[in-house]
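# Observations on chain architecture
Spelled out from the first residue to the last, the chains are:
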Amino acid sequence: MNPSTLTVHTQFQIGEVDPRIFGGFLEHMGRAVYEGVYQPDSKHADADGCRTDVLGALRRLGYTAMRYPGGNYASGFHWMDGTGPKQLRPTVRELAWQSIETNQFGTDEFMALSRKMDWTPMLTVNLGTGTPEEARNWVEYCNAPAGTKYANMRAANGNRDPFGVKLWCLGNEMDGPWQLGHVPADQYAIRAQQAAKMMKDTDKTIETVVCGTCSIRLPTYMDWDRTVLEHLGDYADYISLHRYVGNPHPNYGNCENTADYLAITNSIDQQIEEMDAVCRFVQAKKRSKKRAYLCFDEWNVWYKNMQMDGEGKFAPHLIEEVYNLEDALVVAGFLNSFVRHADSVKIANIAQIVNVIAPILTQGDDMLIQSIFYPIEMMSKRRSGTALRVVVDGPRYDSDLYGTVAMIDSSVILGHDVNGEPVLHVFATNRSQTEPAPVRVNVSDRTLSALIDGEIVTGPNAKVANSYAQPNVVVAQPFGAAVVTDGQAEFTLPPLSFAALSFRVR
Ligand code: AHR
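Thresholds, definitions, all that
Residues numbered from 1 in each chain as written. Predicted model: local features only at pLDDT ≥ 70, side-chain atom pairs only at ≥ 80, totals over all residues. Heavy atoms only, no water. 1 Å grid on protein atoms, 1.4 Å probe; cavity = no way out; pocket = protein on both sides within 12 Å on 5 of 7 lines; lining within 4 Å. Points joined across faces, edges and corners; volume = space filled by probe spheres on them. Helix = DSSP H or I, 4+ residues; strand = E, 2+ residues; numbered from the N terminus. Nonpolar A, V, L, I, M, F, W, Y, C, P; charged D, E, K, R; others polar. Contact = heavy atoms within 4.5 Å. Buried < 20%, exposed > 50% of the residue type's maximum accessible area, 1.4 Å probe, protein only. Near = heavy atom within 4 Å. Polar contact = N/O pair within 3.5 Å; in protein donor to acceptor, adjacent residues only side chain to side chain. Axes fitted to C-alpha atoms, helices over the stretch in contact; angles between N-to-C directions. Left-handed = near helix turned anticlockwise from the far one by under 90°. Pairing = 2+ DSSP bridges. Domains from an automatic or database assignment. Salt bridge = Lys/Arg side-chain N within 4 Å of Asp/Glu carboxyl O. Disulfide = S-S within 2.5 Å.

### A short note on the layout of surface pockets
If you add up the space inside the largest pocket, you get close to 710 Å³. The wall of the largest pocket is formed by 34 residues, among which W178, R217, Y244, W302 and M306 lie closest to the centre. No other element matches the four residues that strand β10 (residues 238–245) contributes to the lining of the largest pocket. Taken together, the residues that form the lining of the largest pocket break down as 21 nonpolar, eight polar and five charged. As a volume, the second largest pocket reaches approximately 360 Å³. Every residue lining the second largest pocket is counted, 20 residues in all, and those nearest its centre are D269, R340, V390, V392 and S410. For the lining of the second largest pocket, the secondary structure elements donating two or more residues are α8 (265–285), β19 (404–406) and β20 (408–416). It is α8 that provides the largest number of residues to the lining of the second largest pocket, a total of four residues. Here the residues of the lining of the second largest pocket sort into seven nonpolar, five polar and eight charged.

### Examining the side chain of Q352
You can see Q352 is positioned in the loop between β13 (345–351) and β14 (360–363). Filtering out sequence-adjacent residues up to four positions away, Q352 remains in contact with F25, E27, M29, A32, N300, I357, A358 and P359.

### Let's talk about the environment of F163
Mapped onto the fold, F163 is located in the loop between α4 (149–156) and β8 (167–170). Accessibility expressed as a relative area gives 13% for F163, which makes it buried. As for F163 and A428, which are separated by 265 residues in sequence, their C-alpha atoms are 39 Å apart. Excluding residues within four positions of it along the chain, F163 makes contact with T107, D108, M111, R115, Y141, C142, N143 and R154.

### Looking at the site of the ligand
All residues in the neighbourhood of the ligand are listed as F25, E27, G71, N72, W97, N172, E173, Y244, E298, W302, Q352 and I357. Between the ligand and E298, the relevant distance is 2.7 Å, taken from an oxygen atom to a side-chain nitrogen or oxygen of the residue.

### Topic: the packing of α8 against helix α9 (residues 325–340)
At their nearest, the axes of α8 and α9 sit 9 Å apart, and the two run at 35° to each other. Every pair of crossing elements has a handedness; the one defined by α8 and α9 is right-handed. Taking contact as the criterion, the partners of T265, I268, D269 and I272 in α8 are, on α9, G333, F334, S337, F338 and R340. Partitioned by chemical class, the residues of the contact of α8 with α9 number four nonpolar, three polar and two charged.

### With respect to the sheet that holds strand β4 (residues 65–68)
Strand order around the closed barrel formed by eight strands is β3-β4-β7-β8-β9-β10-β11-β13, with parallel pairing between neighbours. In this sheet, neighbouring strand axes are inclined to one another by 30° on average, regardless of whether the strands run parallel or antiparallel. Sheet analysis places strand β3 (residues 23–25) next to β13, joined by three bridges and oriented parallel. Residue pairing across strands places G23 opposite N349, the latter belonging to β13. In this fold helix α3 (residues 132–143) packs onto β7 (120–125) and β8, with an angle of close to 155° to the strand it touches most, β7. Contacting β7, β8 and β9 (207–210), helix α5 (residues 185–202) runs over the sheet at an angle of about 155° to β8.

### Points about the domain arrangement of the chain
Once the domains are mapped, the chain shows domain 1 (4–9 + 386–505) and domain 2 (18–170 + 234–380). Computed from C-alpha coordinates alone, the two centres of domain 1 and domain 2 are separated by 28 Å. With 40 residues of domain 1 at the contact, the number on the domain 2 side is 40 residues. In this structure, the salt-bridge partner of K463 is E256, at a minimum N-O distance of 2.6 Å.

### Quick notes on the state of the cysteines
Scanning the model with the defined rule gives zero disulfides in all. Summary of cysteine pairing: C211 is not part of a disulfide, and the nearest cysteine sulfur, belonging to C169, is at 7.8 Å. Judged by relative accessible area, C211 falls into the buried class, the value being 2%.

### Side note on the sheet that holds strand β12 (residues 313–314)
For sheets, the rule is that strands pair by backbone hydrogen bonds, running either parallel or antiparallel. Strands sit in the order β5-β6-β12 across an open sheet of three strands; the sheet is mixed. Edge strands, defined here as strands with exactly one partner in the open sheet, are β5 (92–94) and β12. With three bridges joining them, β5 and strand β6 (residues 99–101) adopt antiparallel strand pairing. Bridge pairing in β6 links V92 to E101.

### Looking at helix α10 (residues 373–380)
Most of α10 sits out of view: eight of its eight residues are buried. Every buried residue of α10 is accounted for by F373, Y374, P375, I376, E377, M378, M379 and S380.

### Observations concerning the pattern of salt bridges
For the coordinates displayed, the defined rule picks out 33 salt bridges. R67 is the salt-bridge partner of E298, the closest N and O atoms lying 2.8 Å from each other. Within this pair, whereas E298 is found in strand β11 (residues 293–301), its partner R67 is found in strand β4, the two being separated by 231 residues in sequence. Among the ionic pairs, E326 bridges to K463, the shortest N-O distance being 2.4 Å.

### What to know about the environment of M199
Tracing the backbone shows M199 in helix α5. Given a relative accessible area of 0%, M199 falls into the buried group. Each C-alpha atom of the pair M199 and T429 lies 43 Å from the other, and the pair is 230 residues apart in sequence. Residues within four places of M199 in sequence aside, it is in contact with V125, A135, R136, V139, W168, L170 and I206.

### Side note on the pairing of strand β1 (residues 4–8)
Most of β1 sits inside the fold, with four of its five residues counted as buried. Across five bridges, the pairing between β1 and strand β22 (residues 437–443) is parallel. Each residue of the ladder has a partner; that of T5, found in β22, is R440.

Right under this line is the structure:
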């Protein structure tokens, strides 16, 4: 393959990378909470009943904002059920996933876990079957000093100090006909505005995420978003985007197409830019100083396991997707896209973190790290800094659904090491299934002086995956094969690979 050149200039900056784009999502669905993060009868359980093996793996991913408790679950969840003495908490029928919910893990347990993990809690209020007032009461429970009704309840439950939850999602996927309490845009907008007003009256420092269109295939795409943003006005700090992708693409029926699947980043870029356009449209129309930013609060690969009916069971096995190499490259593509849009995407949460469409699976006391874990880990540890515009000059190909893409998908962050010395982090995916790709990195106003370190994830074909029997088929490996000469770096990416490299820059 002909070489590709990645050109950046340190003055051509997109924006600071918000660490919250490395967020996660923990839903009361399947075995995400129970048998995932929380399993008091596991040999790995700590004093709070949390699985230390799972938490250890999650810690490696450096998650920031953690969305909880749903998802669709949130639209039938009444937060008071998950508070107070555990033996008094009700066991309920859970309608979103047709499961049994014991409420043994609730707000106080999630806050303790967030503290333990250094997560920024992000709560989704119930605007499906709940009321704006119930949402407002939850803000008081979490954030008000003791002395009033709900804050006193928190204190009585052992937490005298407020939790200080800053991020609040105003419902979940309210445009989806499957959602409990789904309503048209104008009705959701009224509900959300009422909730936001009361919630912000209770705590002026909180930030809200309004429900945007949850699928680009819904007919209300963009109209929903405009209606909601126009009605909410300055009450909307962020608008949500959701995206699940797969190979086969829904348009192909059962056919697979790896080249197209890897080109899906074009469509993720487009979704972000379209949603940002609505935010700017509404801001301009209202002559407002305030711009709503983007919160990509559900994203991932999900298409193989569609078991969503819990059949009345507690902690059923739901959507336990097994991920392969091409899925890992697509996950890297999502993250590259978020970095490339650092000026508009401020929060993003991979859905989800354990067992349910997740980088980590558990089975009894065993745990498996899946392929998609590695690109998240590789990028998360190199995430701080400023995203730079990167121009990729090199071979391209035409995809069937997403237009023309460069063979190399990339993003670049200009950061610093612990001594304050500048470091350039380069992320690059070779989409070719057959050919190695020579890559040159050129910083047009600086010189690269040395490779600090690099990692790569690759494999013999797109379908290889880790399993309990063979857990190390798709893993990150050290990648030191970058040569720095005359201020530029050169390396060759194997077919179907994703690399993260950090260079000294002068
Ligand atoms: O992440 C699984 C589900 O996907 C979420 O509960 C819902 O919001 C989305 O449809």
